[in-house]
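The residues making up each chain are set out below.
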Amino acid sequence: MSGSGPGRPLAHWQHRLAERGIDRQLWLLVPALVFVIALFLYPFFYGLTLSFQPTDGGPLSDYARFFSDSYERGTIWITLRIALPAALLNVLAAVPIAYRMRGRFRGKRLVTTLLVVPITLGTVLTAQGLLNFLGPTGWFNRILLAGNLVDEPVRLTHNYWGVFFSLVITGFPFAFLLVLSYLSGIDPTLERAAATLGADWRRRFTMITLPLLMPGLATTFCLTFVLAFSVFPSAVLVGNPAGETRVISLAAYQAAYEQYDYPYASAIAMIMGFVELVIIALVLAARSRFYTGSTGGKG
Amino acid sequence: MSAFSQLRLDGVSRRFGGQDALTELDLTIETGEFIALLGPSGCGKSTALNCLAGLLPLTQGSIWQDERRIDTLPPERRGFGMVFQSYALFPHLTVRANIAFGLRMRRLPKEETRRRTEEAVRLVRLEDHVDKLPGQLSGGQQQRVAIARAVVFEPSLVLMDEPLSNLDAKLRLEMRTEIRRLHQSLGLTTVYVTHDQEEALSLADRLVVLREGRVQQIGSPRELHTRPANWHVADFMGYRNLWRGRVEQVDGTRAAVESSGHRLLGEAIGDLPARSDVMVAVRPEDIRVDGPGETPNAMSATIEVVEYQGRELAAEARTDSGQLVHLRTEQRVAPGDQVKLSMDPQRLLVYPAGATRETDRLVDASGAVR
Ligand SMILES: Nc1ncnc2c1ncn2[C@@H]1O[C@H](COP(=O)(O)OP(=O)(O)OP(=O)(O)O)[C@@H](O)[C@H]1O
Ligand SMILES: [Mg+2]
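In this text the structure is predicted, and so the values were computed from the model without any measurement.

All right, on to the overall build of chain B then. Helix and strand content of chain B: nine helices and 20 strands. Reported as C-alpha extents along the three principal axes, the dimensions of chain B are approximately 75 × 45 × 35 Å. Sorting the 370 residues of chain B into buried and exposed places 54% on the buried side. Here the analysis covers contacts within chain B between residues at least 6 apart in sequence; of these, 67% occur between residues at least 24 apart.

Relative to the assigned elements, B:Pro75 resides in the loop between β5 (68-69) and β6 (80-83). Taking relative accessible area as the criterion, B:Pro75 reaches 11% and is therefore assigned buried.

Below, the discussion takes up the site of ligand 1. Residues and elements named next belong to chain B. As a matter of local geometry, ligand 1 sits amid Phe16, Gln19, Ala21, Ser41, Gly42, Cys43, Gly44, Lys45, Ser46, Thr47 and Glu162. A distance of 3.0 Å is found between an oxygen atom of ligand 1 and a backbone nitrogen or oxygen belonging to Gly44. Between ligand 1 and Lys45, the relevant distance is 2.8 Å, taken from an oxygen atom to a side-chain nitrogen or oxygen of the residue. Computed on the free molecule, ligand 1 has an accessible area of 630 Å², of which 60% lies beneath the protein chains in the complex. Among the secondary structure elements, those contributing two or more residues to the shell around ligand 1 are β2 (19-30) and α1 (45-53). Residue contributions to the shell around ligand 1 peak at three residues, all from α1. Among the residues making up the shell around ligand 1, the classes are represented as three nonpolar, six polar and two charged.

Let us now look at the packing of helix α5 (residues 108-134) of chain A against helix α6 (residues 139-146) of chain A. Residues and elements named next belong to chain A. Where α5 contacts α6, the axes come no closer than 4 Å and their chain directions differ by 10 degrees. One element, α5, and the other, α6, form an angle in the roughly parallel class. For the pair formed by α5 and α6, the contact residues are Asn132, Phe133 and Leu134 on the first element and Trp139, Phe140 and Asn141 on the second. Partitioned by chemical class, the residues of the contact of α5 with α6 number four nonpolar, two polar and no charged.

The next point concerns the sheet that holds strand β19 (residues 338-343) of chain B. Residues and elements named next belong to chain B. If you trace the five strands from one edge of the open sheet to the other, you get β15-β19-β16-β17-β18, paired in antiparallel fashion. The sheet is open, and its two edges are formed by β15 (287-289) and β18 (324-329), each paired on a single side. If you compare each strand with its neighbour and ignore which way they point, the axes differ by 45 degrees on average. Relative to strand β17 (residues 312-319), strand β16 (residues 299-309) runs antiparallel, the two being bridged by eight bridges. Paired with Val306 across the strands is Ala315, a residue of β17.

Once that is clear, we can look at the pairing of strand β7 (residues 157-161) of chain B. Residue and element names in this part refer to chain B. With five of its five residues buried, β7 lies for the most part within the structure. Here four bridges tie β6 to β7, and the two strands are oriented parallel to one another. Directly across from Val83, in β7, lies its bridge partner Met160. Both β7 and strand β8 (residues 190-194) contribute to a ladder of four bridges, which runs parallel. Looking across to β8, one finds that Met160 is bridged to Tyr192. For the crossover from β7 across helix α5 (residues 169-186) to β8, the handedness is right-handed.

Per the UniProt record, "domain: ABC transmembrane type-1" (unreviewed entry) is annotated on residues 76-283 of chain A. Between the C-alpha atoms that bound residues 76-283 of chain A there is a distance of 18 Å. The span itself is 77% helix and 0% strand.

Further remarks concern unusual backbone geometry. Positive phi values are uncommon outside glycine, yet A:His158 reaches one of about 55 degrees. Within the fold, A:His158 resides in the loop between α6 and α7 (160-184). Backbone geometry places B:Arg275, a non-glycine residue, at a positive phi of 65 degrees. With respect to the secondary-structure elements, B:Arg275 resides in the loop between β13 (262-268) and β14 (277-282).

Moving on, we come to the UniProt feature "transmembrane region" (unreviewed entry) in chain A. Residues and elements named next belong to chain A. According to UniProt, the feature "transmembrane region" (unreviewed entry) maps to residues 26-45, 76-99, 111-131, 160-183, 212-232 and 264-285 in the numbering used here. Across residues 111-131 one finds 100% helix and 0% strand; the C-alpha atoms that close the span lie 25 Å apart. Here residues 264-285 runs as 100% helix and 0% strand, with 31 Å between its end C-alpha atoms.

Glancing now at the interface of chain A and chain B. Residue-level contacts link 21 residues of chain A with 22 residues of chain B. At the boundary of chain A with chain B, total buried surface from both sides reaches about 1900 Å², with 69% on carbon and sulfur atoms. Of all residues in chain A, A:Thr196, A:Leu197 and A:Met207 bury the most surface against chain B, accounting for 35% of the area lost on that side. The interface formed by chain A and chain B includes one salt bridge. The residue B:Glu76 makes a salt bridge to A:Arg204 at a minimum N-O spacing of 3.3 Å. Across the chain A-chain B interface, the total number found is five residue pairs in polar contact (both at pLDDT 80 or more). Going through the elements one at a time, α8 (188-196) and α9 (201-229) of chain A are the ones with two or more residues in the side of chain A that touches chain B. Looking at side-chain class alone, the side of chain A that touches chain B contains twelve nonpolar, five polar and four charged residues.

To continue, consider the sheet that holds β14(B). All names here are of chain B. Sheet architecture is closed into a barrel: five strands sit in the order β11-β12-β13-β20-β14, paired in mixed fashion. Geometrically, the sheet is characterised by an average inter-axis angle of 55 degrees between neighbouring strands, direction not taken into account. As paired elements, β14 and strand β20 (residues 349-352) share four bridges and run antiparallel to each other. Paired with Val278 across the two strands is Pro352, which belongs to β20.

In this section: the domain arrangement of chain B. Segmenting chain B into domains produces domain 1 (6-226) and domain 2 (241-366). Each of domain 1 of chain B and domain 2 of chain B has a C-alpha centre, and these two points are 38 Å apart.

Rules of the game
- Residues numbered from 1 in each chain as written.
- Chains lettered and ligands numbered in written order.
- Predicted model: local features only at pLDDT ≥ 70, side-chain atom pairs only at ≥ 80, totals over all residues.
- Heavy atoms only, no water.
- Helix = DSSP H or I, 4+ residues; strand = E, 2+ residues; numbered from the N terminus.
- Buried < 20%, exposed > 50% of the residue type's maximum accessible area, 1.4 Å probe, protein only.
- Contact = heavy atoms within 4.5 Å.
- Near = heavy atom within 4 Å.
- Polar contact = N/O pair within 3.5 Å; in protein donor to acceptor, adjacent residues only side chain to side chain.
- Areas by Shrake-Rupley, 256 points an atom, 1.4 Å probe, with all protein chains shown as cover.
- Nonpolar A, V, L, I, M, F, W, Y, C, P; charged D, E, K, R; others polar.
- Axes fitted to C-alpha atoms, helices over the stretch in contact; angles between N-to-C directions.
- Parallel < 35°, antiparallel > 145°, perpendicular 65-115°, else oblique.
- Pairing = 2+ DSSP bridges.
- Right-handed = clockwise from strand over helix to strand, strands pointing away.
- UniProt positions renumbered as here; feature names shortened; annotations may be inferred.
- Buried area = accessible area lost by both parts, 1.4 Å probe.
- Salt bridge = Lys/Arg side-chain N within 4 Å of Asp/Glu carboxyl O.
- Domains from an automatic or database assignment.

Structure (structure tokens):
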């Protein structure tokens, strides 16, 4: 910093440390650090080392095995094909609803509660509901059949769509709550200012609110994507776990608990983590191109 | 831009729940005028401004731009510029893009947008900061961006909501001059909200004083300064001495009043029946200390508190009958001094007290007001 000319004594060492963000408040981070080490870093490195100790072959042979087998390799694509659109749809659907609901209005609590209920249901109950509603003899198909709109039941469960719907139902509330809180963090006067400058609601949204919301949307996307990527129960319950929806977590599960090949399962888990990391890195790289500073709101 | 020759507010009212924030505001704004909306906090100034801007729907009344009714138009179709109290600069846009925003919304040719933006930047002297984000500017600079952004598209009316209230005293004076300069050089029509009577008096051609959502008085700075319409306005316009009294005799506009043992002569404002309760209003600077010879409205008093204020001293004195007097004087007085106070009857205004709760609240145990 300037001001510390040759003749002057340097600032006290505590001030210089504080300038770099080192002060006593760092102690507040200790519990989080302990948790991260115990619950995340340790299992991670354990799995990582395990993945390099296959039951036979060199250290990388389990990775090679995964990538040389097209049935195994295909799980990456299958998972991405479900998780990316589901996460995207969750975020995109949350935006207009949250945008409409960001102000105060009568019944807001009721609507919010209704939208958030699926979180409390859990994947299994959701799958059950989906089977009842969208299954071959579910209401949805019965209505279509009764209305003579289709000749035979539309297959919406035990395939790609079943898993997709289930991910949307369980992921949407998260996306909605996150987007809502990001939106209420944007000062509403900004849109009012834009209005007095001649912007109609469309341009207020695209030129003011959306750019300020983008970083939040990117974060929301990452979170719902991670949730969707590790999809497991619904892939089994409402999907087609032998084919179309044999997601990567299923491959890892089968390696670990059907073949009891823990090193191979670890290798798959590592690959899974790596794919997630790549997607998140891409999204965050895009995010950093937007304005991420204060938006003046109360959030 | 849609210039007008007259903007008419006709009984504009706004309720929040069951509470009136603004009641029947009638006001005609001529083009080129500088109008100040003045009043204490919570009196409905921002409400009035937001109604004008279209940011708040009216609960009653109408707004007319010449013969066109505009209170049903959304804000973006009124074409009024607005400066917000919190500036409301777009944090993700540079100073230049902030200022150009209104022009871009009007889809002007690129070249013209650029030229007019540069012009506005020069006008508010921000040439060195055009590529910064608002977060990188000082408060005064942000304020100037907000003003430039609101005037660059030559709006037919500029609305300002306490634009200087977040600035320090020195900057406030500078910006005040700047606002008046812009108003004149650009030929703007301006409605300016403030709770600072000095600011309003120095800036505006006409003042509108509000209290509890109702207009108390509309007039020139001079009228408001010398002739407040009622004692509430007087209170707000710097008549710090408000004494309760009783009419003894009225002769034309000259009233004789008995106030805590003193017989005072003053100007009667409004209808004053004999023996009715009144409020006597005097500015601190209109109280003379130890005037020469025989003086009207004389009281003897003891100085209690003295505040140094440059060339003048602001002092509090207590009369022998216990009345508290605020005064300003160039004489050197000190606490404990015995002085003789006097007031020009023309500068002593006598108002009907009215039966408001506030009158009672203001009266302390000694019978003095405040
Ligand atoms: N959204 C609202 N809901 C309910 N009451 C409101 C709302 N906005 C303003 N009010 C009330 O209306 C009255 C006038 O408010 P307004 O904001 O116009 O005051 P103001 O004169 O601008 O005050 P200040 O100088 O403090 O800004 C206040 O009593 C306030 O409590
Ligand atoms: Mg206000």
